[in-house]
Amino acid sequence: MFASRGYPPQQPAAKSSPENLVRFATLDIFRGLCIVGMVLVNHPGDPAQVFAPIRHVEWHGWTLADLIAPGFLWIVGVVVPLAIGKHLTAGLSCGRLQLTILRRSVTLYALGMLIDAIPVLDYLAREAAWAEIPVLGILQRIAVCYMIAASAFLWGGLRGVLGATLACVGIYIAVLCAFSSFSDRADPFAPEANFATWFDSLVLGTSLNSGQRLITALTGTVTTLSGIGVGCYIGAGRGAGKKSLLLVLIGAASLVSGEVLDSWIPINRHLWTPTFVLITSGMSMLLFVALDHFTRWSPFARAVEPLTVIGRNPITIYCLATVVYGLTTSVGVTGSRGDWVSLWTLGYEQFLRLNLPPRLTSLAMTVIYIMAIHLVAQFLDRRGWYIRI
């Protein structure tokens, strides 16, 4: 639905201080940066021509590209205490809020399934399995993690967050140990057959031909719970300097811990291992503090205004970018040599005429695409249309 003109949404009087207005801007910039990053990584001009930092690592390890989706999950968590606190102050009951959380999660999950179906429509026409549509795509994962994390905070506060974190990590480790006990595989983190795909076959059977890795929803939830903890902390009545210093220390400690533990539990995006949670949550904290600091500097705030505009309608802009990309890669024409060519590829061929290096050409097309998406975000922002799920 559409929110009324004016952003950010009205907050209780106690939250309308300049400090909190800066923090709202930081949230928008962070979200906008995540959306731009997702488009940059997921929609290259040519998937085979991508610079290493914005290409997902094949298995163990991480690159900048691997930090983006967890960063969005993390910032979703940061917003949860602010949103729930506002609704509770307005007099809504916990029961009503739980129904709202459930409705949002179901809507977001259904939206994710619908959007992820678009790129495989031409394959489905050739009798491909519906399993090509991921159960845990980006929006689906956000929906599941948000529902679990927000519910834990709603009913249990910080104790609920801590309890949910321990439960999620505990179940994850239990499945890992069960795999080690009942499987003849020596390495539970091997790419060809690991404990996550073993768990999928145990729960879902063999009907899904693409590894869904359902177990990773648990550690993905821990990423969101980490954000909730930070959201509670920055909303407390402490000085901004002390808050930033502690977040920097925690973020740095999280990074170091993840790298140290990598020898025992590899940093792996596909399996969303606990070490991956430590790395991504730590990086998100450090980035949030940096943005929060520089946003107070007017030239920086003006420079990142495009990110702010996108961050005010993040889900809408992500859906638009994904749908357009899905359609242009699924719909095509017969080329001059008689072969089928997608509309996206036709557009990329025009960029090839610039005679730039292939990777730079691919990046240039994606940047132009992001600029076009920004124009839509700017139109919505100027009209005061903020679409909420």
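Residues numbered from 1 in each chain as written. Predicted model: local features only at pLDDT ≥ 70, side-chain atom pairs only at ≥ 80, totals over all residues. Heavy atoms only, no water.

J.: Could you clarify how one ought to interpret the overall build of the protein chain in this entry?
T.: Assigned secondary structure in the protein chain consists of 14 helices and four strands. Expressed as a percentage of its 389 residues, the buried residues of the protein chain come to 45%. (Helix = DSSP H or I, 4+ residues; strand = E, 2+ residues; numbered from the N terminus. Buried < 20%, exposed > 50% of the residue type's maximum accessible area, 1.4 Å probe, protein only.)

J.: When you look at helix 12 (residues 314–330) in this model, what are you seeing that I'm missing?
T.: The α-helix advances 3.6 residues per turn, and as a result positions three or four apart in sequence lie on the same side. Taking 1.5 Å per residue as the helical rise, helix 12 with its 17 residues ought to reach 24 Å, and the 24 Å between its terminal C-alpha atoms agrees with that figure. Here helix 12 lies mainly inside the structure; twelve of its 17 residues are buried. Turning to helix 12, its buried residues number three or more, namely P314, I315, T316, I317, Y318, C319, A321, T322, Y325, G326, T328 and S330. (Expected span 1.5 Å × (residues − 1).)

J.: What is the right way to look at a nonpolar patch on the surface in this model?
T.: On the surface, F51, L354, L356 and L360 cluster together into a nonpolar patch covering about 320 Å² of accessible area. Mapped onto the elements, F51 comes out in the loop between helix 1 (18–42) and helix 2 (68–89). In this structure F51 comes out as partly exposed when scored by relative accessible area, which is 32%. (Patch = residues over 30% accessible without salt bridge, like charges linked within 9 Å, V, L, I, M, F, W, Y side chains within 5 Å. Areas by Shrake-Rupley, 256 points an atom, 1.4 Å probe, with all protein chains shown as cover. Salt bridge = Lys/Arg side-chain N within 4 Å of Asp/Glu carboxyl O.)

J.: Explanation requested: the packing of helix 3 (residues 94–117) against helix 5 (residues 138–182) in the structure shown.
T.: Think of two packed helices as two axes; the pair is described by the angle between the axes and how far apart they sit. The N-to-C vectors of helix 3 and helix 5 enclose an angle of 170°; their axes lie 7 Å apart at closest approach. What the angle tells us is that helix 3 and helix 5 run roughly antiparallel. Classifying every residue of the contact of helix 3 with helix 5 gives 18 nonpolar, six polar and two charged. (Axes fitted to C-alpha atoms, helices over the stretch in contact; angles between N-to-C directions. Parallel < 35°, antiparallel > 145°, perpendicular 65-115°, else oblique. Nonpolar A, V, L, I, M, F, W, Y, C, P; charged D, E, K, R; others polar.)

J.: Would you mind showing me how to read the pattern of salt bridges here?
T.: Pairing between side chains of opposite charge can happen when the charged atoms of each approach one another. One pass over the structure, following the stated rule, counts five salt bridges. Note that D28 is salt-bridged to R312, the shortest N-O span being 3.9 Å. Of the two residues, D28 is situated in helix 1 and R312 in the loop between helix 11 (305–311) and helix 12; the sequence distance between them amounts to 284 residues. The burial state of D28 is the same as that of R312; both residues are buried. Where D381 meets R312, a salt bridge forms, and the shortest distance between an N and an O atom there is 3.0 Å. Of the two residues, D381 sits in helix 14 (residues 358–383) while R312 sits in the loop between helix 11 and helix 12, which places them 69 residues apart along the sequence. With respect to burial, D381 and R312 carry one shared label: buried. It is possible to trace a salt-bridge network through shared partners that takes in D28, R31, R312 and D381.

J.: In this structure, what is going on with the packing of aromatic side chains? I would like to understand it.
T.: Any pair of aromatic rings gets described here by the distance separating the centres and the angle formed by the planes. Scanning the entire structure with this criterion turns up ten aromatic pairs. For the pair Y172 and F195, a centre-to-centre distance of 5.2 Å together with 85° between the ring planes defines the contact as edge-to-face. Placement of Y172 in helix 5 and of F195 in helix 6 (residues 195–204) is noted, with a sequence separation of 23 residues between them. Look at Y172 and you get buried, because its relative accessible area is 1%. Feature note: the residues F30, W74 and F288 constitute an aromatic cluster, connected by ring pairs. (Phe/Tyr/Trp six-rings, centres within 6.5 Å; stacked < 30°, edge-to-face > 60°.)

J.: Could you clarify how one ought to interpret the packing of helix 3 against helix 12 in this entry?
T.: Relative to each other, helix 3 and helix 12 sit at 20°, their axes nearing to 10 Å. It follows that helix 3 is roughly parallel to helix 12 by the angle criterion. Judged by the twist between their axes, the crossing of helix 3 over helix 12 is left-handed. Side by side, helix 3 and helix 12 meet where L108, L111 and I115 of the first sit next to I315, C319, T322 and V323 of the second. (Left-handed = near helix turned anticlockwise from the far one by under 90°. Contact = heavy atoms within 4.5 Å.)

J.: Sorry, what's going on with the confidence of the model for the protein chain here?
T.: Segments scoring low in pLDDT should not have their predicted coordinates read at a detailed level. Mean pLDDT over the protein chain stands at 83; residues scoring 70 or higher make up 85%. When mean pLDDT is taken per element in the protein chain, helix 9 (residues 274–294) scores highest with 94 and strand 1 (residues 2–3) scores lowest with 34. Note on residues 1–15: pLDDT under 50 across the span, and 32 contacts to partners over four residues away in sequence or across chains. Low pLDDT (under 50) marks residues 123–129, which in the prediction has four contacts with non-local residues, meaning those over four places away or in another chain. (pLDDT = per-residue confidence, 0-100.)

J.: Looking at this structure, I do not really get the side chain of T26. What am I missing?
T.: With respect to the helices and strands, T26 occurs in helix 1. What T26 contacts, discounting residues up to four positions off in sequence, is F288, L291, D292 and T295.

J.: Could you clarify how one ought to interpret the environment of R55 in this entry?
T.: With respect to the element layout, R55 can be found in the loop between helix 1 and helix 2. The class of R55 is partly exposed, set by a relative accessible area of 38%. Taking the C-alpha atoms as reference points, R55 and N42, 13 residues apart in sequence, are found 8.9 Å from one another. What R55 contacts, discounting residues up to four positions off in sequence, is V50, T63, A65 and R359.

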